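Letter by letter, the chains look like this.
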Amino acid sequence: MSEKVMVFSHDDLDGVMSPIILGYFLNRETETSLVVKHCKTGNYGTIDSEITKFLSGTEASNYAAIYVTDLVPSEPVMADLQAFSKETGIPLAVFDHHQTAEYLMALYPENVSVYPRQEGHLTSATSVVFQHYAGMTPEAYLRPDADRAENKRVAEFASIVRSWDCWDWTNDANDRWGELASDFNSLLHILGTERFLARFVEPDFWSPTQASVFSDTDILLLDIERNAREKYIKSHVERTQFHVLELDKPYHVAYVTAESYKSMLGNAMCKLTHPRTKELVDFAIISDNGYLSLRSIGDMNVADIVKTYFNGGGHANAAGGYVPFDTFAIIGKAAKKAAKELVAQ
């Protein structure tokens with residue numbers, strides 16, 4: 001009889017793929033069925049509410065194990081999870097890679113594995129899961145002198161996801177995947193999560209004899225998507241605004257509102273020159289209905305900024321947060337101001 005496990009994960013490529021890799025390894029030991037709930041991160045995300053709802057329901061004790069991948073709950077909710085695990089004897093494991101989550105591993109070392117770097121590489125949650133079960137990083141597994149075949153295809157996908165999530169595909173000239181990693185992420189957004197996931201449950205998908213990542217149809221769709229993406233990024237870079245943001249000190253930032261291609265757009269914006277200082281901006285901010293994506297290049301740590309000021313977390317050069325605001329109130333205020341100016345005329 002199949003064991004049922006609960007997985008809470010992020011909703012990006014790494015959050016979608018880390019449960020897939022987890023399921024692969026679990027099923028090598030026992031027939032396992034994964035129930036995956038994809039969540040938003042941060043204080044204003046959905047991870048806390050989804051876990052709280054799960055723990056208060058009647059079905060939680062029917063699961064054989066609970067996993068959290070590519071994000072972490074707040075410390076109080078993590079405490080509730082750990083208490084539930086101890087009370088019921090249901091195993092709990094958290095796999096993450098964000099530096100802002102490392103404190104949870106110090107608090108719950110038996111349950112939490114958070115490794116921002118492994119063997120000299122930045123990690124993804126998918127690569128952390130792979131390393132936990134395979135005993136080495138995907139990159140170590142794929143070394144030419146290793147001559148390993150059994151989990152090679154799994155290691156390749158874990159490495160592709162890590163390349164995308166850490167931006168090695170564009171920042172590291174020696175990265176083996178390059179544009180393929182970007183295309184793999186694009187395919188998720190083209191197909192949607194359900195259709196994307198369907199291919200990983202096909203018979204023999206993980207067989208070493210399966211050499212291709214993309215089908216002919218995938219390649220056609222990706223070509224169309226690539227053209228649309230280039231136009232979108234170009235148009236939003238052109239409408240970027242520049243501001244001085246007063247936090248612990250003044251920061252020169254590039255700012256735009258957008259809802260798509262945030263990582264690529266943010267990295268393009270980081271290469272812009274501030275019109276006043278004539279220097280590269282300190283970091284880029286992309287706003288999407290209150291959700292903020294911050295990107296930077298080099299030593300500028302946006303994870304610290306997001307954690308301190310914007311209710312979020314992430315990596316040194318890529319982080320996300322949330323600023324609650326009432327759009328209609330802003331519209332009303334602007335309209336009232338315009339009305340007064342009309343009366344004054």
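Explain the environment of L34 here, please?
Tracing the backbone through its elements, the reader meets L34 in strand β2 (residues 32-39). The class of L34 is partly exposed, set by a relative accessible area of 25%. When the C-alpha atoms of L34 and Y63 are compared, they prove to be 9.7 Å apart, with 29 residues separating the residues in sequence.

Got a minute to help me understand the confidence of the model for the chain in this structure?
Here the chain averages 90 in pLDDT, and 96% of its residues register 70 or above. Looking at the elements of the chain, mean pLDDT is at its lowest for helix α14 (residues 327-344), recorded as 77, and at its highest for strand β3 (residues 65-69), recorded as 98.

What is the right way to read a nonpolar patch on the surface from this model?
There is a patch of nonpolar side chains on the surface, built from V323, F325 and I330 and spanning about 250 Å² of accessible area. Examined against the element boundaries, V323 turns out to sit in the loop between β13 (318-322) and α14.

Whenever I open this one, the sheet that holds strand β5 (residues 112-114) confuses me. Can you help?
Within a beta sheet, neighbouring strands are joined by backbone hydrogen bonds and run either parallel or antiparallel to one another. Pairing is parallel across the open sheet formed by 5 strands, whose spatial order is β2-β1-β3-β4-β5. Every other strand in the sheet has two partners, leaving β2 and β5 as the edge strands with one partner each. The sheet shows a mean angle of 15 degrees between the axes of neighbouring strands, taken without regard to direction. Two strands pair when backbone bridges link them, and strand β1 (residues 3-10) and β2 are joined in this way by 8 bridges, in the parallel orientation. Paired with K4 across the strands is S33, a residue of β2. Strand contacts of helix α2 (residues 47-56): β1, β2 and β3, with the helix running at about 160 degrees to β1, the strand carrying the most contacts. Across the face of the sheet, helix α3 (residues 75-88) comes into contact with β3, β4 (92-96) and β5 while running at roughly 145 degrees to β4.

Help me understand the nonpolar core in this model?
In globular proteins that are soluble, nonpolar side chains generally tend to be buried together. Counting residues in hydrophobic clusters, the biggest one holds 57 residues, and the most contacted among them are M17, Y67, F184, F196, F200 and W206. Broken down by element, this core gets its largest block of residues, 9 residues, from helix α1 (residues 13-29). Every residue in contact with F196, bar those within four places of it in the chain, is listed here: L13, V16, M17, F184, L187, L188 and L191. Counting 25 residues, the second largest nonpolar core, distinct from the first, contains C39, M78, V94 and A101.

Is there a simple way to think about unusual backbone geometry in this case?
With glycine set apart, most residues show a phi of negative sign, and most peptide bonds adopt trans. Located in the positive-phi region is W167, a residue other than glycine, with phi close to 65 degrees. Here W167 shows up in the loop between α7 (152-166) and α8 (168-171). By relative accessible area, which is 10% here, W167 ends up buried. You will see that N311, though not glycine, has its phi angle at about 55 degrees, which is positive. Summarising the element assignment, N311 is placed in the loop between α13 (302-309) and β12 (313-314). Taking relative accessible area as the criterion, N311 reaches 24% and is therefore assigned partly exposed.

I tried to follow the packing of α1 against helix α5 (residues 125-134) on my own but got confused; where do I start?
For any two helices packed against each other, one specifies the crossing angle of their axes together with the interaxial distance. At a minimum axis separation of 8 Å, α1 and α5 run at an interaxial angle of 15 degrees. Considered as vectors, α1 and α5 are oriented roughly parallel to each other. The hand of the α1/α5 crossing is right-handed. Counted together, D14, M17, S18, I21, L22, F25 and L26 of α1 and A125, T126, V129, F130, Y133 and A134 of α5 form the full contact between these two elements. By residue class, the composition of the contact of α1 with α5 is 10 nonpolar, 2 polar and 1 charged.

Got a minute to help me understand the packing of aromatic side chains in this structure?
By convention here, two paired aromatic rings are described through the distance between centres and the angle between planes. For the structure on display, the rule yields 18 aromatic pairs. Note on Y309 and F310: the rings are 6.4 Å apart at their centroids and 55 degrees apart in plane angle, and the pair reads as tilted. Since its relative accessible area comes to 12%, F310 is described here as buried. Cluster of aromatic residues (ring-pair linked, three or more members): Y24, F25, F95, F130, Y133 and Y141. Geometry around Y63 places K4 over its ring, the cationic atom sitting 4.6 Å from the centre.

Any chance you could explain the side chain of S159 here in plain terms?
Here S159 shows up in helix α7. For S159, a relative accessible area of 2% puts it in the buried group. With residues up to four places along the chain from it excluded, the contact list for S159 reads P138, E139, L142 and W177.

Thresholds applied
- Residues numbered from 1 in each chain as written.
- Predicted model: local features only at pLDDT ≥ 70, side-chain atom pairs only at ≥ 80, totals over all residues.
- Heavy atoms only, no water.
- Helix = DSSP H or I, 4+ residues; strand = E, 2+ residues; numbered from the N terminus.
- Buried < 20%, exposed > 50% of the residue type's maximum accessible area, 1.4 Å probe, protein only.
- pLDDT = per-residue confidence, 0-100.
- Patch = residues over 30% accessible without salt bridge, like charges linked within 9 Å, V, L, I, M, F, W, Y side chains within 5 Å.
- Areas by Shrake-Rupley, 256 points an atom, 1.4 Å probe, with all protein chains shown as cover.
- Salt bridge = Lys/Arg side-chain N within 4 Å of Asp/Glu carboxyl O.
- Pairing = 2+ DSSP bridges.
- Axes fitted to C-alpha atoms, helices over the stretch in contact; angles between N-to-C directions.
- Contact = heavy atoms within 4.5 Å.
- Core = buried A, V, L, I, M, F, W, Y, C linked by side-chain atoms within 4.5 Å.
- Parallel < 35°, antiparallel > 145°, perpendicular 65-115°, else oblique.
- Left-handed = near helix turned anticlockwise from the far one by under 90°.
- Nonpolar A, V, L, I, M, F, W, Y, C, P; charged D, E, K, R; others polar.
- Phe/Tyr/Trp six-rings, centres within 6.5 Å; stacked < 30°, edge-to-face > 60°.
- Lys NZ or Arg CZ within 6 Å of the ring centre and 35° of its normal.

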